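What follows is each chain in one-letter form.
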Amino acid sequence: MNQRRPVSESLLALFALGVLLFNPPMLLLFGVDATLFGFPALYLYIFASWALLIALVAMIVNRRGRSPGMRPRIGRTRDG
Amino acid sequence: MLQGWVVLLVSFGYLCLLFAIAYYGDKRADEGRSLANNPYIYALSIAVYCTSWTYYGSVGRAASSGLDFLPIYLGPTLVFVLWWFVLGKIIRITKKNRITSIADFIASRYGKSTLLGGLVTIIAVVGIMPYISLQLKAVSTSFNLLLGYPEIAMPSGLGEVPIPHDTAFYVALLMAIFTILFGTRHIDASEHHEGMVVAIAFESVVKLVAFLSVGLFVTFGLYDGFGDLFTEAKALPEYGSLITLGTASTYGQWITMTLLSMAAIICLPRQFQVTAIESLDERHLNKAVWLFPLYLLIINIFVLPIALGGLLMFSGDTVDADTFVLTVPMYEQQELLTLFAFIGGLSAATGMVIVATIALSTMVCNDLVMPVLLRLTWLRLNEKGDLGGLLQAIRRGSILFILLFSYGYFRFIGESYALATVGLLSFAAAAQFAPAIVGGLLWKGGTRAGALVGLCLGFTMWIYTLLMPSLALSGWIPHSFIDAGPFGAELLKPYALFGLSEFDNLSHALFWSMLVNIGGYVGVSLATRQTALERIQAALFVDVYRRSDDDRGSGLWRGTATFSDLYALVVRFVGRDQADRAFDGYAAETGESLKKVTEADPALLNFTEKLLAGAIGAASARVMIGSVVKGEVASIDEVMEILDETSQVIEYSHRLEQKSRELQIASAELQAANERLKEVDRLKDDFLSTVSHELRTPLTSIRSFSEILFDESDLPIEERREFLTIIIKESERLTRLINQLLDLAKLEAGRGEWQISDIDPKEVIEEAIAATSSLLQENRMQLDVNLPSQLRRVRADRDRFIQVIVNLLSNAVKFCNRSNPSIQIAVRETSQALLVAVEDNGPGIPAGAEQRIFEKFEQADVTATSKPVSTGLGLPICRQIVEYFGGRIWVERNQSVGAKFVFTVPYARTSFMVPGE
């Protein structure tokens, strides 16, 4: 349990991955006039990597939700 | 079917439905069964990010420049990946400090500065107006388009229609009324609009489903799936440029838009409103962090297909690509789908307008108008009664004002622009807040002056490089302003400042505005000093995760105020009911009764300030509290003291506390051990004195009789014999005493030799009785033995067992009734152990002595005979032995005659337990 990597580190790494995926060198790589499974390559690439990023975030956050790392907080601050 | 009145009726019906949902949401919240307190509703409400711009504009942009509509959605995804560092922190701070708007947030961070709050408000209002006008444009365009059904005629020259005939004007008015009804029904001390949030979430669902319906219709209705559509689209001349990203400048723009949208998802007032201020529970972010990006992904899947479908359908026509979502189903005569698409667009627009105007009106009220009003002393606002009504009026007025000005922008400037371009203009304005917010979250050194200078410079640069050119393009300033620069100064051309002409307009503006904004912020922050209040706020914001929930102690009010003053103040702004509830809650939490409080302490002052901040913003709340507090705020030294309690210090002191607690425990243990040692020492002294006394008694008599025998040589023989008998008896007694003492010492020290084994108790008891038979006969004892024929084996040392019984028997013999001596031995099996009882018919044990007789040298009845009949060690030895076996020995109470000693011996393990246990 204690040896688990802090979530913030994983998130930072994911952010770096996202920056890499959504920026020119990778986009240029796929930015060709070709089709993959009937989709334009770049279109498919962006949506697939986007979905991957979301799935990874969901995974990390869920894992964190199960670990006792964060104290539950008092939800509502509303007075009325 | 799609006559004007039908469209109007459906639109009204839809708005009424929204209002009903909001009303229901509010009602549920009041009943305490909140609908909005749900991660899915929360995530959907954040999707207010998708406005008409997404709904209509993305398709338009995709039709002209391909995939570069996407960075606007990839940026927020990236920010949500980093939620822990920015969004989570903002939400925590907002909750703790009861922040009411983004202006309030920035003002709070930099020392609750009224000036900064006002500046942010002005930037936000000016910057967001184009964005709102975009929504008005979208609604009125789509409405006018629909009126022409089934003809597709691009509405043109809207600027020439007189205002009373302009649809957009009525759209603006209607939305103003709607927002006023929605958002300012009551002044809440925490600015939650749960009903609105639920309605916005509903709208997010509607616009998503509507957009997907159109997308599915195009992809699978008109074409045979994606593959077919993309194959067909290859015929388009622009196809190649739409599915790739072309030149380096496109990539530059791609990066610019990603950065802008990253800033926008944090800094747009409406996003700040739904993400931070309306957040009911921080944990909802755990789901929203991936649900919201997922929403963005889903709504964008069909953007390109619709754009391509529209291009294929209307190639050569003059249909504006911004309207494809509507015109494609219209062209195919899909009446219901067309109407649904229109409602989807209406959802997207109303959602944005409602949240944006509520957020802006809160800012205008709390951070612009109220601080000014409160400072105008001739208004005597401080002394007036209920101000809740005034607050409401200001907010309603500002909603109307914002929407009418947005309409003005739409009518006189924005009409010639594509939706996405106008939207990006607003994004660039909102991005000006990013350095002050993100810097303020991560860097304690940012100062008020730095934030002021950075914002001013950035905003000025935004006006110069984006807003003024847009005015020039609309003909309000001479066009030469763009072409030749102001007054012909080439270097100052707004789209190519200082000759920087390589970038597109947006990247160009972003570069210059961020250069001066960040440069001003950092540079001036480094050059200026923070005031005490700024330093406190900086520490509170940056270290928000590290601080405990209870930071009341860091209050910096030093003066005092009467509770009744504070109460009256709060009542004036939030009403009596809310004030009562809030103070009751505070009283319950702290456990002090506020009725008894006359002088408010700093903690209560702090609480009241935050309560007020929830209604009128941090800066104004500070002014108001200042007006009732007598005395000064904390001195610099005191503030420094508070500040120095940074997390390290707190942690260090925690550790110190821990250490001192451990020390306390250890010293308590030491003390206890010392007490025991002292007690043992005292017991030893007692023991020694008793032993020496017991030994001296027989010694004394032996010696005195020996002396008599020695001195008096002519004693008669009978007397000699008598004396010698005494000497022998006393010697025997002495020997016995010493033996027992040695025995007991061995037992107590645990050095006795034990041979524990499983033995048959029946045999042992019989042997013990046999061993004492001579003693019994000598005293003419009557012995009753009640011994069952079969007994379970017990675990004990055979010789010691015999010793216990012999001891008890001889004890019984000594104390028996002399005239009719009788002893009973009873052996019985209980479930846990073997029970042996030895009973005599002597005088018995006096009440209260049952425990004492097992102590060394204690005798129950010393007064009965002048000479002790026993050594006083027999019973202690018995107890030592029995306890060593794991049994117990005691004196049975409730004996009318005689004493009954009972002891137990545990059974052998093998006889009743599972082997190996």
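Conventions used here
Residues numbered from 1 in each chain as written. Chains lettered and ligands numbered in written order. Predicted model: local features only at pLDDT ≥ 70, side-chain atom pairs only at ≥ 80, totals over all residues. pLDDT = per-residue confidence, 0-100. Helix = DSSP H or I, 4+ residues; strand = E, 2+ residues; numbered from the N terminus. Contact = placed C-beta atoms within 7 Å. Pairing = 2+ DSSP bridges. Axes fitted to C-alpha atoms, helices over the stretch in contact; angles between N-to-C directions. Core = buried A, V, L, I, M, F, W, Y, C linked by C-beta atoms within 7 Å. Buried ≥ 20, exposed ≤ 12 C-beta atoms within 10 Å, placed from the backbone. Parallel < 35°, antiparallel > 145°, perpendicular 65-115°, else oblique. Left-handed = near helix turned anticlockwise from the far one by under 90°. Nonpolar A, V, L, I, M, F, W, Y, C, P; charged D, E, K, R; others polar. Expected span 1.5 Å × (residues − 1). Bend = angle between axes of the 7 residues up to and from the residue.

The subject of this paragraph is the confidence of the model for chain B. Residues and elements named next belong to chain B. When pLDDT is averaged along chain B, the result is 82; 89% of the residues meet or exceed 70. Confidence, read as mean pLDDT per element, is least for helix α29 (residues 636–644) in chain B (50) and greatest for helix α4 (residues 71–81) (93). Across residues 550–554 the pLDDT falls below 50, and counting only partners more than four positions away or on other chains, this stretch makes 6 contacts in the model. Per-residue pLDDT stays below 50 along residues 862–867; that stretch engages in 2 contacts with residues further than four places along the chain or on separate chains.

Taken together, the contact pairs 37 residues of chain A with 40 residues of chain B. Contributions of two or more residues to the side of chain A that touches chain B are made by α1 (7–21), α2 (24–30), β2 (39–40) and α3 (41–66) of chain A. The dominant element in the side of chain A that touches chain B, judged by the number of residues it contributes, is α3 of chain A, at 12 residues.

Residues and elements named next belong to chain B. With respect to topology, 5 strands assemble into an open sheet ordered β4-β6-β7-β9-β8, the strand pairing being mixed. Either end of the sheet is taken by a strand with one partner, and the two such strands are β4 (782–786) and β8 (889–891). The sheet shows a mean angle of 15° between the axes of neighbouring strands, taken without regard to direction. For strand β6 (residues 822–829) and strand β7 (residues 833–840), the ladder comprises 7 bridges, and the chain directions are antiparallel. Note that in β7 the partner of Ala826 across the bridge is Ala837. Contacts from helix α34 (residues 798–815) reach β6, β7 and β9 (900–906) within the one sheet, and its direction differs from that of β7 by about 20°.

Right, let's talk about the nonpolar core for a bit. All names here are of chain B. Among the nonpolar cores identified, the biggest contains 234 residues, and Ile106, Val120, Cys267, Ala307 and Ala428 are the most heavily contacted of them. The greatest single-element share of this core, amounting to 22 residues, is contributed by helix α17 (residues 335–375). When residues no more than four places from it in sequence are discounted, the contact partners of Ile106 are Leu116, Val120, Phe433, Ala436, Ile437 and Ala451. Leu808, Leu834, Ile853 and Tyr907 belong to the second-largest nonpolar core, a separate cluster that totals 34 residues.

All names here are of chain B. Looking at the element boundaries, Phe182 is found in helix α8 (residues 167–183). It is 7.4 Å that separates the C-alpha atoms of Phe182 and Ala22, two residues lying 160 residues apart in sequence. Once residues within four sequence positions are removed from consideration, Phe182 is found in contact with Ala22, Met196 and Ile354.

Okay, helix α5 (residues 87–97) of chain B next. Residue and element names in this part refer to chain B. In terms of burial, α5 is largely enclosed, as 8 of its 11 residues are buried. Within α5, the full set of buried residues consists of Leu87, Lys89, Ile90, Ile91, Ile93, Thr94, Lys95 and Asn97. Positive phi appears at Arg98, one or two residues downstream of α5, with a value of about 50°.

The next subject is the packing of α8 of chain B against α17 of chain B. Residue and element names in this part refer to chain B. Axis separation between α8 and α17 bottoms out at 10 Å; the angle between their running directions is 60°. Looking at the two axes, α8 sits oblique to α17. Crossing handedness for the pair α8 and α17: right-handed. Taking contact as the criterion, the partners of Met175, Thr179, Phe182 and Gly183 in α8 are, on α17, Thr350, Val353, Ile354, Thr357 and Ile358. Each residue belonging to the contact of α8 with α17 can be placed in one class, and the counts come to 5 nonpolar, 4 polar and no charged.

Another point: the confidence of the model for chain A. Residue and element names in this part refer to chain A. Taken residue by residue, chain A gives an average pLDDT of 75. The fraction at 70 or more is 72%. Across chain A, the secondary-structure element scoring lowest on mean pLDDT is strand β1 (residues 35–36), at 78, and the one scoring highest is α1, at 89. Residue range residues 67–80 is modelled with pLDDT below 50. Its contacts to residues more than four positions away, or to other chains, number 26 contacts.

Residues and elements named next belong to chain B. Along β4, only 0 of the 5 residues are buried, which leaves the element largely exposed. Where β4 lies against β6, 5 bridges are found, and the strand directions are parallel. Within the sheet, the bridge partner assigned to Val785 lies in β6 and is Ile825.

Residues and elements named next belong to chain B. Compared with the 50 Å implied by 1.5 Å per residue over 34 residues, the 48 Å span of helix α7 (residues 114–147) between its first and last C-alpha is a close match. Helix geometry: α7 is bent most strongly at Met129, by close to 35°, with proline Pro130 lying one to four residues after it. Among the 34 residues that make up α7, 29 are buried, leaving the element largely enclosed by the rest of the structure.

What follows covers the environment of Thr735 of chain B. Residues and elements named next belong to chain B. Along the chain, Thr735 falls in helix α31 (residues 717–749). With 11 C-beta atoms counted inside 10 Å, the residue Thr735 sits in the exposed group. Along the primary structure Thr735 and Leu695 are separated by 40 residues, whereas in three dimensions their C-alpha atoms are 9.7 Å apart.

A few words on the pairing of β7 of chain B. Residues and elements named next belong to chain B. Between the antiparallel neighbours β6 and β7 lie 3 residues. By the bridge criterion, 7 bridges tie β7 to β9 in an arrangement that is antiparallel. Bridge pairing in β9 places Ala837 opposite Val902.

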